[in-house]
Amino acid sequence: MSLLRAFLALLRRDLVIAFRRRSEMVNPLLFFVLVTSLFPLAVGSQPKLLSLMAPGVVWVAALLAALLSLDTIFRSDFEDGTLEQLLLSAHPVSVLVIAKVLAHWLITGLPLLLVAPVLGNFLGLPSQAMGTLMLSLAFGTPALSLIGAIGVALTVGLRKGGVILSLLVLPLYVPILIFGAGAVGNAAMGIDATAQMYIMSAFLILSLTLSPIATAAALRVSLS
Amino acid sequence: MIFGNFFHKMASPPWFYRVSGKMLPWFGGAFALLLLWGLYGGLYLAPADYQQGDSFRIIYVHVPAAWMSLFIYVAMAVCGVISLVWRIKMAEVVLISSAPIGAAFTFLALATGSLWGKPMWGTWWVWDGRLTSELILLFLYLGVIALHGAIEDRQTAARAVAILAIVGVVNVPIIHYSVEWWSTLHQGPTVTKLDKPSIHVDMLIPLLVMALAFKLYYAWGLLIRARSEVLERERNSKWVRDLLGEP
Amino acid sequence: MSLAEFLNMGGYGVYVWSSYGLAAVVLIANIVIPVQRHRLQRARLRRRFRQEQTTP
């Protein structure tokens, strides 16, 4: 089987499995919506403050939702032995990793992206920032999935991997958060956000090229 | 060829254990001497800064600690590459033995920085590029330590943290260049600029002495921890029995 | 410079000496604790080897 066909087959498989477990798909999205909705309840009496915080709140909520959903990338495959089979395949594991991460992003990241403008509205985010919000999340959420995959791969064999996963992944997430929220914050004030967006795209390209290699290496270590 | 022989021997645990035991007092002694020299120069000889007064003397622990926090993480990443590519066990040992020392220096850099920032900038903390990335560095160190502790098999743990160290090293250039990229309260580069450093020489020398002292301290602390790690890994081997078995 | 002036550090004494004190604690602890651990480790291994010799 050619590499492209293996890639597409893996992608399709993960998407199909995810659709069969639709409730799992909804969890990160639900979390995203719930967390963002808590803020107007807490800060609602000060709408100006809320709209100032909106970029950060949406971004933090998206980041946490991504973090919570990371475990699903490899967990079930690890438990039923599919992951081992994947590592034994003749195809480069890093490319197969991209397929799995892409599936993960389509299931968990893309819905966040689509819902974000609505939530931004709830928080009083100015409409001029909506485009930047979506673009920053479009660059950011795949990067979060890619980088998160490294952490998951390192901890997939551990029993209580969840806590350590957050510790490992959050330091790597922070720069993305800073620039992503910063871009939206700038846009909300009408200031140019091009610099931040360039950096966000750089993060995406960097993580797309380098993190699959690290993830593949980490999987090999975890399954050894 | 001599170096090749040296590295070949270095990779042998019993040789390392024996030689490091003999080297320990030398590193400790050299560190103590340089420390005294640096403290004398920094606390006594160096003139007070015309802007910051005597508070600037915190520089003599803050900056060397910060330099070490970066240096040690890069060393860990290099060890990570060596251990994954050439599978040299001593590289694994050096990596995991360095992590607590690096974390300690990072914490020290952050804490002394706060103690310096409060009288100078009026605030204990500011979320600028350098402080934020140094804080991230602390969490990266803690992550290495936590991950190594969580994996039961030492071999697997060593390889996992090697990957983590390599991935995290991206943060180091960000910290170093952050004061150039972002305008900030933090002092710009004064020592490691490629042209003449813009710091008075009487203030500079104790700084360099303290930096060297901290490097020797790192070597000293590293060897102590590495010996424990080697002993633990090799506890079932013959050379350990021969070493410790006799009553 | 008198001792009192030295300790005062031009008014910044608290900050300067806290920094140096913190450095001392961190540096001392990072030697003492590993050395202790190493000693205990060697003692533990010695005990184990002695037990193995006497109970074949």
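Throughout, a residue's number is its position along its own chain's written sequence, starting from 1. In the order they appear in the text, chains get letters beginning with A and ligands get numbers beginning with 1. Since the coordinates come from a predicted model, pLDDT governs what is reported: local features require at least 70, and pairs of side-chain atoms require 80 or more to be given and counted, while whole-chain, interface and lining totals use all residues.

Starting at the N terminus, helices and strands are each numbered in turn, a helix being any DSSP run of H or I of at least four residues and a strand any DSSP run of E of at least two. In terms of regular secondary structure, chain B is built from nine helices and zero strands. The N-to-C order of helical and strand elements in chain B reads α-α-α-α-α-α-α-α-α. In chain B, buried positions account for 43% of the 247 residues. Across chain B, contacts joining residues at least 24 apart in sequence account for 78% of those joining residues at least 6 apart. Exposure is read from a count of other C-beta atoms within 10 Å of each residue's own; the residue is exposed at 12 or fewer, buried at 20 or more and partly exposed in between. C-beta atoms are placed from the backbone. Here, residues touch in the contact sense if the C-beta positions derived from the backbone fall within 7 Å of one another.

Bringing the overall build of chain A into the picture now. From N to C terminus, chain A includes nine helices and zero strands. In chain A, the succession of helices and strands from N to C terminus is α-α-α-α-α-α-α-α-α. A radius of gyration in this sense is built from C-alpha atoms; the matching globule rule multiplies 2.2 Å by the number of residues raised to 0.38. In terms of overall size, chain A behaves like a compact globule, its C-alpha atoms giving a radius of gyration of 18 Å where 224 residues would be expected to give roughly 17 Å. Principal-axis analysis of the C-alpha atoms places the extent of chain A at approximately 55 × 35 × 30 Å. When the 224 residues of chain A are sorted by exposure, 44% land in the buried category. Taking the intrachain contacts of chain A between residues at least 6 apart in sequence as the baseline, contacts between residues at least 24 apart amount to 79%.

Listed per partner, the contact involves 32 residues of chain B and 25 residues of chain C. Elements with a minimum of two residues in the side of chain B that touches chain C: α3 (59-85), α4 (89-121), α8 (201-233) and α9 (238-245) of chain B. In this classification, Asp, Glu, Lys and Arg are treated as charged, Ala, Val, Leu, Ile, Met, Phe, Trp, Tyr, Cys and Pro as nonpolar, and every other residue, Gly included, as polar. Split into classes, the residues belonging to the side of chain B that touches chain C amount to 17 nonpolar, seven polar and eight charged.

To continue, consider the packing of helix α3 (residues 47-69) of chain A against helix α8 (residues 161-188) of chain A. Residues and elements named next belong to chain A. α8 packs onto α3 with a crossing angle of 150° between their chain directions and a minimal axis gap of 9 Å. Looking at the two axes, α3 sits roughly antiparallel to α8. Between α3 and α8 lies a crossing of right-handed hand. Where α3 approaches α8, its residues Pro55, Gly56, Trp59, Leu63 and Leu67 are matched on the opposing element by Ser166, Val169, Tyr173, Leu177, Gly180, Ala181, Val184, Gly185 and Ala188. Geometry is summarised by axes, namely lines fitted to C-alpha atoms with helices restricted to the contacting stretch, and by angles between N-to-C directions that run from 0 to 180 degrees. By definition in this entry, angles of less than 35 degrees are roughly parallel, angles greater than 145 are roughly antiparallel, angles of 65 to 115 are roughly perpendicular, and the rest are oblique. Crossings are classed by handedness, with left-handed meaning an anticlockwise turn of the near helix from the far one by less than a right angle and right-handed meaning a clockwise turn.

All names here are of chain B. One non-glycine residue, Arg87, adopts positive backbone phi at about 55°. When you line up the elements, Arg87 lands in the loop between α3 and α4. Take Arg87: there are 11 C-beta atoms within 10 Å of it, and that puts it in the exposed class.

Between all two pairs of chains that are in contact, chains B and C come out with the most contacts. Left apart from each other, chain A and chain C have a closest C-alpha approach of 23 Å.

Time to look at the interface of chain A and chain B. Contact with chain A, which involves 14 residues of that partner, is made by 15 residues of chain B. The set of elements that each furnish at least two residues to the side of chain A that touches chain B consists of α7 (130-155), α8 and α9 (194-222) of chain A. Examining the composition of the side of chain A that touches chain B, we find that six residues originate from one element, α8 of chain A, more than from any other. Its residues assigned to classes, the side of chain A that touches chain B comprises 13 nonpolar, one polar and no charged.

Let us look at the environment of Asp14 of chain A. All names here are of chain A. Position of Asp14 relative to the elements: it lies in helix α1 (residues 3-20). Residues Asp14 and Lys100, 86 residues apart in the sequence, show an inter-C-alpha distance of 6.9 Å. Leave out the neighbours within four places in its chain, and Asp14 touches Lys100 and Ala103.

Soluble globular proteins tend to bury their nonpolar side chains together. Any set of buried Ala, Val, Leu, Ile, Met, Phe, Trp, Tyr and Cys residues joined through C-beta atoms within 7 Å is what this text calls a nonpolar core. Core analysis: the largest hydrophobic core is formed by 142 residues, its most contacted members being Val58, Ala62 and Ala218 of chain A together with Val161, Ile163 and Leu164 of chain B. Looking at this core element by element, the count peaks at 16 residues for α4 of chain B.

Once that is clear, we can look at helix α2 (residues 13-45) of chain B. Residue and element names in this part refer to chain B. Expected helix span is taken as 1.5 Å per residue step, with the number of steps being one fewer than the number of residues. Relative to the 48 Å expected for 33 residues at 1.5 Å per residue, α2 spans 44 Å between its end C-alpha atoms, a close match to the ideal helical length. The seven residues ending at a residue and the seven starting there each receive a fitted axis; the angle between those axes is the bend at that residue. Of all the bends in α2, the greatest reaches close to 35° and is centred on Met23; the proline Pro25 follows between one and four positions later. For α2, every residue scored as buried is listed here: Pro13, Phe16, Phe27, Phe31, Gly38, Gly41 and Gly42.

Residues and elements named next belong to chain B. The predictor's confidence in any single residue is recorded as pLDDT, a number from 0 to 100. Per-residue confidence for chain B averages 87 on the pLDDT scale, and 86% of its residues sit at or above 70. Mean pLDDT values for the elements of chain B range from 60 in helix α1 (residues 2-10) up to 95 in α3. Reported confidences for the modelled complex are a pTM of 0.89 and an ipTM of 0.89.

This part covers the packing of α4 of chain B against helix α2 (residues 13-54) of chain C. Each pair of packed helices can be summarised by the angle the axes make with each other and by the distance between the axes. The N-to-C vectors of α4 of chain B and α2 of chain C enclose an angle of 175°; their axes lie 9 Å apart at closest approach. When the axes of α4 of chain B and α2 of chain C are compared, the pair comes out roughly antiparallel. When α4 of chain B is examined against α2 of chain C, the residues Ile101, Ala104, Leu108, Ala111, Thr112, Leu115, Trp116, Lys118 and Pro119 of chain B are found in contact with a partner set consisting of Tyr15, Ser18, Ser19, Leu22, Ala23, Val26 and Asn30 of chain C. Broken down by class, the residue content of the contact of α4 of chain B with α2 of chain C amounts to 11 nonpolar, four polar and one charged.

By secondary structure assignment, the location of Lys215 of chain B is in helix α8. Considered as a pair, Lys215 of chain B and Gly80 of chain B are 135 residues apart in the sequence and their alpha carbons are 20 Å apart.

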